[in-house]
Amino acid sequence: MTTTSTPGLARFNTSKDDAALAALHEVCASSAWGSKLLAQRPYATAEDLFTASDAALAELGVKDLEEAMAGHPPIGRPKPGDPTSAREQRGMAGASEALKAELLELNLAYQEKFGHVFLICATGATGEQMRDAVKTRIGNTAEEERETVRTELGKINRIRLTRLVEEDKD
């Protein structure tokens, strides 16, 4: 885990507010989360940014979580032209048509029950692992699932924030 300042973190800390907020929106679609992180700049280390992210995420209400989830495509259907969702869902790339169809059916049942997309930190997960997770989580209560989503969103945010602060571009 990055614990020192990086060129990407320095760039984020010194970016104009609108550019920093746009970068944060690419990490997480919750405007409340992004505003809280923006207000705490500058960050001395990436770990400070991660800690602030976790704290902001813990404070999100139901509507804020819904806004965050709305920024994520369904598993197995990354947004066309979006390299982030394609990279994160790489585990589905070699999935059989049967697995893709099963996951689509499960996604629809999950969305029917909970009113939002199935959210999982897909980085490094296989299609079968994602399918098994939705099968398990569809049995959760709404409250249990909201907290599971919060945990998964935290993992996704950390991965995306790491990419943001470690990018070394001019």
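To start, this report covers the structure provided alongside it. (Residues numbered from 1 in each chain as written. Predicted model: local features only at pLDDT ≥ 70, side-chain atom pairs only at ≥ 80, totals over all residues. Heavy atoms only, no water.)

So, on to the environment of Phe118. The topology assignment puts Phe118 in the loop between helix H7 (97-114) and helix H8 (127-137). Residue Phe118 is classed as buried on the basis of its relative accessible area of 2%. For Phe118 and Val149, which are 31 residues apart along the polypeptide, the C-alpha to C-alpha distance reads 8.3 Å. If we ignore the near neighbours within four places in the chain, the residues touching Phe118 are Ile75, Asn107, Tyr110, Met130, Ala133, Val134 and Arg137. (Helix = DSSP H or I, 4+ residues; strand = E, 2+ residues; numbered from the N terminus. Buried < 20%, exposed > 50% of the residue type's maximum accessible area, 1.4 Å probe, protein only. Contact = heavy atoms within 4.5 Å.)

Locating Asn157 in the fold gives a position in helix H9 (residues 142-166). With relative accessibility at 0%, the residue Asn157 sits in the buried group.

Before going further, it helps to spend a moment on the side chain of Asn13. The residue Asn13 is located in helix H1 (residues 7-14) in this model. On the basis of relative accessible area, Asn13 is assigned to the buried category, the value being 16%. When neighbours within four sequence positions are excluded, Asn13 is seen to be in contact with Arg41, Pro42 and Tyr43.

Below, the discussion takes up the packing of aromatic side chains. Counted under the stated rule, the structure contains 3 aromatic pairs. Relative to Tyr43, the ring of Phe12 has its centre 6.4 Å away and its plane inclined at 20°; by these criteria the two rings are stacked. Placement of the pair is Phe12 in helix H1 and Tyr43 in the loop between helix H3 (31-39) and helix H4 (46-59), with a sequence separation of 31 residues. Here Phe12 and Tyr43 have matching classes, each one buried. An aromatic cluster is present here, built from Tyr110, Phe114 and Phe118 joined pairwise through their rings. A cation sits over an aromatic face here: Arg41 above Phe12, 5.6 Å from the ring centre. (Phe/Tyr/Trp six-rings, centres within 6.5 Å; stacked < 30°, edge-to-face > 60°. Lys NZ or Arg CZ within 6 Å of the ring centre and 35° of its normal.)

From the geometry alone we can't say anything about function, so treat these as descriptive.
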